[in-house]
Amino acid sequence: MEVKTSLLDNMIGVGDMVLLEPLSEDSFLGNLKKRFDHSEIYTYIGSVVISMNPYRSLPIYTPEKVEEYRNRNFYELSPHIYALADEAYRSLRDQDKDQCILITGESGAGKTEASKLVMSYVAAVCGKGHEVNKVKEQLLQSNPVLEAFGNAKTVRNDNSSRFGKYMDIEFDFKGDPLGGVISNYLLEKSRVVKQPRGERNFHVFYQLLSGASDDTLRKLKLDRDFSKYNYLSLDSAAVSGLDDAANFRTVRNAMQIVGFMEDEVQSVLELVAAVLKLGNIEFKPESRCNGTDESRVKDKNDLKEMCELLGIEQSVLERAFSYRTVEAKMEKVSTTLNVAQAYYARDALAKNLYSRLFSWLVTRINESIQAQTKARHKVMGVLDIYGFEIFEDNSFEQFIINYCNEKLQQIFIELTLREEQEEYVREGIEWTNIEYFNNAIICDLIENNQNGILAMLDEECLRPGTVTDETFLDKLNTICADHQHFESRLNKNSKFLNDHSLPHNCFRIQHYAGKVLYRVEGFVDKNNDLLYRDLSQAMYKANHSLIKQLFPEGNPAKVNLKRPLTAGFQFRASVGTLMRNLQTKNPNYIRCIKPNDKKASHIFTDSLVRHQVRYLGLMENVRVRRAGYAFRQPYEPCLERYKMLCKRTWPHWKGPAREGVEVLMADLQIPTEEISYGRSKIFIRNPRTLFFLEEKRKQCLQDLATLIQKIYRGWKCRTHFLLMKKSQIVVAAWYRRYAQQKKYRNIKSATTMVQSYTRGWQARKLLRELKHQKRCEEAVTTIAAFWHGTQVRREYRKFFRANAGKKIYDFTIQRIIQKYFLGLKSSMPSMSPIDRKWPARPYGFLDGVHTELRKIFHHWRCKKYRDQFTEEKKAVYEEKLEASEIFKDKKALYPNSVSQPFKGDYLEISKNPKYQKLNSAVDEKVLLADVVNKINRANGKGTPRIFLLTKKNFVLADQKTGQVKASIPLPDVTSVSVSTQKDGFFALKLKEGSASAVKGDFLLSSEHLIEIITKLHRIGATAADREKLKVDISDEFLVQFKQDKVCVKFIQSSPKNGNSVSCKRKNNRLLEVSVPTSP
Ligand SMILES: Nc1ncnc2c1ncn2[C@@H]1O[C@H](COP(=O)(O)OP(=O)(O)OP(=O)(O)O)[C@@H](O)[C@H]1O
Ligand SMILES: [Mg+2]
């Protein structure tokens, strides 16, 4: 929302002097000072802007400020020159009203700066585009050019404009600039030849000498040294803060932008140089025969150079400085010039040259900046003209200037009042007559065609005969004597006779802005502004296009015998034109005030400002403005500003703004004579009423602020609370969401975990299978590849040398093995299993094979050997094997028995008839028949007996008779006891309680002990119905003899006791068998 502000906001003092209460000169100054001290340099008087020169740069001209003031109402923001410029521009653009901005004030008050600010503001806010920007740029750049030629340093202002300037800026219907026209007024040309102390000539001279290149200076025949030129003041040639060299470049650049051609610039510089040269021409007197003095040029060098520069014939100019030709009625009279006249002529030429150059520049600039279209356009005029001047010594120039200011004041009063009046009519307010001082009477004193001062001056100048300033004053004294604003010592009016402040050679005019004393000296001369015709003709003859243009009256073909127009006349005419021009436009005023004489910031010299306030007529201005109504404001902003003062209009008024304001005013009980209601505005007669409203508003604003504060705080707390509540819900929601999410994530991750395990397991299973499958496939492939490889290698191996080593190796090994096998074959040992021979192994690496082969061979040989056995022989060997199992390493007798074949039937019982009977007594087949010794238990002696063994029993029979002594069934034999020695003793132990055991066990001895016991054991082993026969091998065992048990003990005896075994009964219980140890 756009914030509505007002001039009345944050005011320092009062922003509009109309509101000053009480209104007096002191309060006026006090307000100005207060604002000035706070850097508020602008103050309004209604729509007039008072501008105080700050003498320092303030940050109030930034592009942001331009934006701030753009399209805002005049009173909306604090006073500013931009507000005025904006107002003027907008009413030009939107209401199609031509505008003029009148800037007045004394020298150094800031007029030129103000005019530039207005122009730059308008340039910033108006349309943009290539063409428009070019126009803008040209308009703005005309300033530096004109300032260089028309401004100079004075004691009052380092950049004082020495001419009046009025510039019309032309706009199209859209408000885009089209071009402009500049008018100049009365250049102070006397400055060209002479400058007061502490002042300088026009800037351009110094700029040219400081800033031009050596080459340019050489071309212009100039020297950089200021002191070489008479026309340049030396004491203040250098001005602090003024860079002449840089400014020269700026001016050259500006001339280029404005559209000056290079040769034009050159011509202009030549003319400037010529003026400088002219100043250096000096004269000396030369007596003539008729006794008069004639002037002669002293040093012709400068004259020569000047003539070269301007293309003038030197002799022509030289003559023009010595003679003066007066033409009258076809008659030419030539008179000589004395030195003083020659100097006068020189200076006149210099002044004319320069002032005409200046006018030409203005014309030339106008040519460039003039609008290109003939279409109708709107105009904004900016008038930067010298202000009222009151010096100690006031001359013709001040008179002219002050006349101009009188005219401006008049137009100001007229227009302001007219506007005021128009507004009242427009608004339908009753018009009350306003009393004010009308300065028309002073204007009349000066410009009246019959008896005005200027008219009389012209008259005096044109009058034949001796004309001096004094005669002019006399004339004034007679004619203006009765005028109430004219004062002179010699006035017929005796009241000034004793006024010593009024010298005799002066007259005083009571201007609207104060009394000014003018010295008449130089009035006639200056008004005549005489340039001898010889000089203008000499100039016309110049071979220089610009000079020719500047002195058209020098053209002999157009000799005009009429006197040229006087300066006063010309000025009056141009002021008249200006005034007529201004009257057609809507005026906007900027009144510039200079705060001090020191060009210093922050200094406010009361007396100086008071003086300016007086002569600018500012108090009058306020009074005129307040004569009717001090304050006026459209209804809408008024209602907007004060609506809080009434309950009915606060906070909103529904209805027309005017009614709202009426209700408001009635509610506030404002007296009806204090206010008037116009069509669109309310008019407040007295500032007091406005201040009353403002005061009330201020109080109300405080209350409102408290209310707003209260509501705001409540709102803030409530909002905060709601926000907290909302936040809490949000936080809770988020937390719940978070918790649920977490839970969900946990579940999800658990699920995922389980899932992943399952999947992993499945995948691994699958992977295993696949791997297996792959491995199989790979294996197949590998095998195939290997096989193929092998195949290929096998096929190709022979082709590879690399395989040769291995091949040779394999071959060698093969050969060795082959040889080994072949050698083995030829050196095989015999097939006898007992043959222990075996060929030696040829190589260590065959050790294992060799041993293994030997074993294999041996096994094979044994098998072969066994295979050739018959059944009987097999049985024999089986017996032998059994004998070995029973006795090997247990009985010393055994080894002897090994080589003895088991014959079995030693007695050949079936064949021998001797034993026929015995044979028949045995019904079983006899397995063994031998003779054994039966040991007598009594003495240990042996009795031979035949021992028969069948499958079922054994029989002991008498050797001689063959009579069976005992037949014992084999099942009754439980065990056999034998010694470990070489003896043939053995005891057959019978089953206790059996029939056979009645006689006791048998103790026998046989040579074939091993065979007998082996067979007995075999029978026992083969018979399924019997227990195995136990064989005890021990050197002491018990034998049951009938009732007694006798111990049979075997001892070893030495061989010398006989080679045979002897058995002796030692006692009832012991039988000792001594067995000789084998040798
Ligand atoms: N608004 C401003 N801000 C800053 N400085 C300013 C302002 N106005 C004027 N000045 C200063 O004051 C000086 C004089 O101002 P300016 O040349 O505008 O005076 P003037 O009224 O045109 O005088 P003159 O009648 O001699 O031409 C300027 O050179 C500048 O230094
Ligand atoms: Mg100026």
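Here the structure is a predicted model, which is why all the values come from computation and not from measurement.

With that settled, the discussion passes to the coordination of the magnesium ion (ligand 2). At the metal site, the magnesium ion (ligand 2) is ligated by Thr112 (OG1) and Ser161 (OG), and these contacts range over 1.8 to 2.0 Å. On the criterion of sequence distance, the pair formed by Thr112 in helix 4 (residues 111–125) and Ser161 in strand 5 (residues 160–161) is long-range, its members being 49 residues apart.

It is worth spelling out the pairing of strand 14 (residues 506–511) at this point. When you tally the buried positions in strand 14, you get five out of six residues, the bulk of the element. Taken together, the three bridges between strand 13 (residues 486–488) and strand 14 define a ladder with antiparallel strand orientation. Looking at strand 14, one finds that Glu487 is bridged to Arg508. Summarising the sheet, strand 14 and strand 15 (residues 514–519) pair through six bridges and their orientation is antiparallel. Pairing of Gln510 across the sheet is with Lys515, part of strand 15. Hairpin connection of strand 14 to strand 15: two residues between the antiparallel strands.

It is worth spelling out the UniProt feature "binding site: ATP" (unreviewed entry) in the protein at this point. Taking the numbering used here, the UniProt-annotated feature "binding site: ATP" (unreviewed entry) corresponds to Gly105, Glu106, Ser107, Gly108, Ala109, Gly110, Lys111 and Thr112. With respect to the element layout, Ala109 can be found in the loop between strand 3 (99–105) and helix 4. Locating Lys111 in the fold gives a position in helix 4. Sequence-distant contacts of Lys111, that is, excluding residues within four places in its chain, are made with Ile103, Thr104, Gly105, Glu106, Asp384, Ile385, Tyr386, Gly387 and Cys592.

Moving on to unusual backbone geometry. In the segment running from Glu21 into Pro22, the intervening peptide bond is cis, with an omega of -5 degrees. Note that Pro22 resides in the segment before helix 1 (25–37). Looking along the chain, the bond that leaves Trp650 and enters Pro651 is cis, with omega of 0 degrees. In this fold, Pro651 is placed in the loop between helix 24 (635–642) and helix 25 (657–667). Located in the positive-phi region is Ser39, a residue other than glycine, with phi close to 60 degrees. As for its position among the elements, Ser39 is in the loop between helix 1 and strand 1 (42–45). Even without a glycine there, the phi angle at Tyr55 is positive, about 55 degrees. In this structure, Tyr55 sits in the loop between strand 2 (48–52) and helix 2 (63–69).

The eight strands are arranged 23-22-21-20-26-25-24-27 in an open sheet whose pairing can be described as mixed. A single partner strand is all that each edge strand has here, and the edge strands are strand 23 (964–969) and strand 27 (1030–1033). Strand-to-strand twist of the sheet, defined as the mean angle between neighbouring strand axes without regard to direction, takes the value 30 degrees. In this structure, strand 22 (residues 953–958) lies alongside strand 23, joined through five bridges in antiparallel fashion. Counterpart to Phe954 in the pairing with strand 23 is Ile968. Sitting on the sheet, helix 32 (residues 1009–1022) is in contact with strand 20 (928–935), strand 21 (942–949), strand 24 (973–978), strand 25 (985–990) and strand 27, with an inclination near 25 degrees to strand 25.

Helix 4 packs onto helix 3 (residues 81–95) with a crossing angle of 55 degrees between their chain directions and a minimal axis gap of 9 Å. Judged by the angle between their axes, helix 3 and helix 4 are oblique. Classified by chirality, the crossing of helix 4 by helix 3 is right-handed. Contacts from Ile81, Tyr82, Ala85, Asp86 and Tyr89 in helix 3 reach Ala114, Leu117, Val118, Tyr121, Val122 and Val125 in helix 4. Split into classes, the residues belonging to the contact of helix 3 with helix 4 amount to ten nonpolar, no polar and one charged.

What follows concerns the site of ligand 1. Near ligand 1, the surroundings consist of 17 residues, among which Ser107, Lys111, Thr112, Ser160 and Ser161 are the closest. Here Ser160 contributes a side-chain N or O atom positioned 2.5 Å from an oxygen atom of ligand 1. Of all the elements in the fold, those that place two or more residues in the shell around ligand 1 are helix 4 and strand 5. If one sorts the elements of the shell around ligand 1 by residue count, helix 4 sits on top with three residues. Along the lines of polarity and charge, the residues of the shell around ligand 1 split into four nonpolar, nine polar and four charged.

A grouping of Leu707, Ile708, Ile711, Tyr712 and Trp715 is seen on the molecular surface, where their side chains present a nonpolar patch of about 510 Å² in accessible area. By the element assignment, Trp715 lies in helix 26 (residues 687–797).

Our next topic: the sheet that holds strand 29 (residues 1044–1053). One open sheet accounts for four strands, arranged 28-29-31-30; its pairing is mixed. The open sheet is flanked by strand 28 (1036–1041) and strand 30 (1062–1067), the only strands paired with a single partner. The average undirected angle you get between the axes of adjacent strands in this sheet is 30 degrees. When strand 29 meets strand 31 (residues 1070–1076), the two strands line up parallel, connected through seven bridges. When the bridges of strand 31 are listed, Ser1053 appears paired with Pro1076.

Here is what the cut-offs are and how they apply
Residues numbered from 1 in each chain as written. Chains lettered and ligands numbered in written order. Predicted model: local features only at pLDDT ≥ 70, side-chain atom pairs only at ≥ 80, totals over all residues. Heavy atoms only, no water. Donors = N, O, S within 2.8 Å, 3.2 Å for Na, K, Ca; no water. Helix = DSSP H or I, 4+ residues; strand = E, 2+ residues; numbered from the N terminus. Buried < 20%, exposed > 50% of the residue type's maximum accessible area, 1.4 Å probe, protein only. Pairing = 2+ DSSP bridges. UniProt positions renumbered as here; feature names shortened; annotations may be inferred. Contact = heavy atoms within 4.5 Å. Axes fitted to C-alpha atoms, helices over the stretch in contact; angles between N-to-C directions. Parallel < 35°, antiparallel > 145°, perpendicular 65-115°, else oblique. Left-handed = near helix turned anticlockwise from the far one by under 90°. Nonpolar A, V, L, I, M, F, W, Y, C, P; charged D, E, K, R; others polar. Near = heavy atom within 4 Å. Polar contact = N/O pair within 3.5 Å; in protein donor to acceptor, adjacent residues only side chain to side chain. Patch = residues over 30% accessible without salt bridge, like charges linked within 9 Å, V, L, I, M, F, W, Y side chains within 5 Å. Areas by Shrake-Rupley, 256 points an atom, 1.4 Å probe, with all protein chains shown as cover. Salt bridge = Lys/Arg side-chain N within 4 Å of Asp/Glu carboxyl O.

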